[in-house]
Each structure stands twice: as structure tokens, then as C-alpha cells.
Amino acid sequence: MALSVGAAGPLGAEPTRLSWLIGSGSTGASSRSYLWNRFEAEQWFGRERFVLAGDFQSLSMLSSQRKWGGGLGAGLSLSLGSSFEWLPSLRWEQDAELEAWEPMLQSSVRYPLWSLLLDTQVAVAPLVRVGARSFRLRQSVGMSLGEGASREDFLFLDFEFQDRVKSSTSAASALESSFRRVGIAFASQVEF
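Residues numbered from 1 in each chain as written. Predicted model: local features only at pLDDT ≥ 70, side-chain atom pairs only at ≥ 80, totals over all residues. Heavy atoms only, no water.

(A) Layout of the nonpolar core. By size, the foremost hydrophobic cluster in this structure holds eleven residues: Leu21, Tyr34, Trp36, Leu59, Ala96, Leu98, Phe154, Phe156, Phe179, Ala185 and Ala187. Counting only elements with at least two residues in this core, the list comes to β3 (33-45), β11 (151-166) and β12 (175-190). It is β12 that contributes the most residues to this core, three residues altogether. Ignoring sequence-local partners within four residues, the contact set of phenylalanine 154 consists of Leu117, Met143, Ser144, Leu145, Ala185, Phe186 and Ala187. (Core = buried A, V, L, I, M, F, W, Y, C linked by side-chain atoms within 4.5 Å. Buried < 20%, exposed > 50% of the residue type's maximum accessible area, 1.4 Å probe, protein only. Helix = DSSP H or I, 4+ residues; strand = E, 2+ residues; numbered from the N terminus. Contact = heavy atoms within 4.5 Å.)

Shown next, in the form of C-alpha cells:
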């Protein structure tokens with residue numbers, strides 16, 4: 001489940017978006033699965049041209065072996081036509097599964113497709129950390145459940161795949177680990 005609230009008022013107010021996502025995840029190296037939570041915040045500036053984002057995440061929130069992670073980032077919003085929005089950003093994050101801080105270059109595209117709202121994120125670590133490099137793909141698909149004068153609700157399905165590829169001087173690089181996560185989300189965007 002995810003809860004997302006955006007606020008954009010008159011007189012040049014900038015929107016803020018808060019979200020909560022809960023779902024399940026698994027590690028490619030084993031059949032172990034876990035409960036996954038993420039809290040996200042986005043604050044827009046400069047007439048929605050710049051964004052600061054942060055998130056906090058946890059794995060196995062109800063078990064005795066909890067893991068925590070988070071991230072901070074800054075990016076730009078570039079319009080690609082009337083419906084497409086491109087958001088390149090630089091992030092500093094620690095994935096709860098990996099337990100190591102590293103910089104990430106992230107590119108997001110938000111766009112409508114028929115009655116769906118899609119958000120595609122691709123991220124790569126420019127530096128090798130702990131002998132491996134991280135790659136991530138995240139896809140969110142939402143559908144509007146209804147729109148009022150200042151509020152619109154959505155139902156979202158969120159998929160995330162992350163790989164750690166070992167760095168090697170030889171031609172063969174081995175996959176160190178991979179993670180898969182999926183969550184079902186309810187989102188509400190409000191203007192006031």
C-alpha cells in the first residue's frame with residue numbers, strides 16, 4: 001500500500017509529495033522473502049523545475065532481523081512534450097538489503113498511457129563499491145480511481161529489480177546478487 005499526498009496552492013506554492021509503499025521482496029540468491037516498506041518525500045522548487053527527494057526504507061519490519069536504508073537526491077524536471085516528464089537526478093543512498101552507502105545516477109520518465117499513469121526509473125552506480133556495481137529498474141503503473149475538485153486517487157502496482165554485478169578485470173563478470181520487490185499501492189494527490 002502506498003499513500004501519496006501532493007500539495008500545490010496558489011500564489012506560487014510548490015508541490016510536496018509524500019508516499020508510503022508496502023510490499024514483499026525476495027533475494028535471487030535464496031528463496032527468502034521479506035516485508036518491504038518505503039517512505040518517500042519530494043519537494044519541488046523553481047516553478048516545479050527542481051526537486052529534492054528523500055526516502056526511508058525497511059526490510060522485515062515485523063521480524064527480529066530488521067534492516068534499514070534510505071536516500072537523498074536532487075534533480076531536474078524536463079518536459080518532453082505535453083505529457084512526458086523526464087527527471088534526471090543524482091542520489092546518495094543505502095539500500096536496506098545491501099547495507100552500503102553509494103552514489104546513484106537515476107533517470108525517471110513519467111507519462112500517461114491510455115488511462116494509466118506510468119513511472120519508469122533506471123539507476124546505476126557510477127562507482128564500484130564492495131567489489132560490485134549496482135543497477136536498478138523500477139516500474140510503477142497507476143490507474144485513476146476518481147477525481148474531485150482538488151483530489152485524485154490512484155491504484156498503483158510497483159515493481160523493482162536491483163542487481164549487483166561483480167567488477168572483474170576478466171571478460172566474465174559474475175552476478176553477485178539480485179533483488180526483486182513488488183507492492184500494491186493506493187495513492188491520493190491533493191491540492192490545497
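What follows continues from the structure just given.
(B) Quick look at the confidence of the model for the protein. Confidence in the prediction of the protein, expressed as mean pLDDT, is 80, and 80% of residues score 70 or more. Summarising per-element confidence for the protein, the mean pLDDT is lowest in strand β1 (residues 5-7) (43) and highest in strand β7 (residues 84-94) (94). Contacts from residues 1-12, a stretch scored under 50 in pLDDT, to residues over four places away or in other chains number 45 contacts. (pLDDT = per-residue confidence, 0-100.)

(C) Unusual backbone geometry, seen in detail. Its identity as a non-glycine residue notwithstanding, arginine 47 has a phi of 55°, on the positive side. Locating arginine 47 in the fold gives a position in the loop between β3 and β4 (50-59). Accessibility expressed as a relative area gives 71% for arginine 47, which makes it exposed. A positive phi angle is found at tryptophan 114, which is not glycine, with a value near 55°. Relative to the helices and strands, tryptophan 114 resides in the loop between β8 (101-113) and β9 (116-124).

(D) Quick look at the packing of aromatic side chains. For the coordinates displayed, the defined rule picks out three aromatic pairs. Taking 5.9 Å as the distance between ring centres and 10° as the angle between the ring planes, the aromatic pair formed by tryptophan 20 and phenylalanine 39 counts as stacked. In this pair, tryptophan 20 is assigned in strand β2 (residues 16-27) and phenylalanine 39 in strand β3, connecting sequence segments 19 residues apart. Looking at tryptophan 20, the relative accessible area reads 27%, which means it is partly exposed. The class for phenylalanine 39 is partly exposed, based on a relative accessible area of 36%. (Phe/Tyr/Trp six-rings, centres within 6.5 Å; stacked < 30°, edge-to-face > 60°.)

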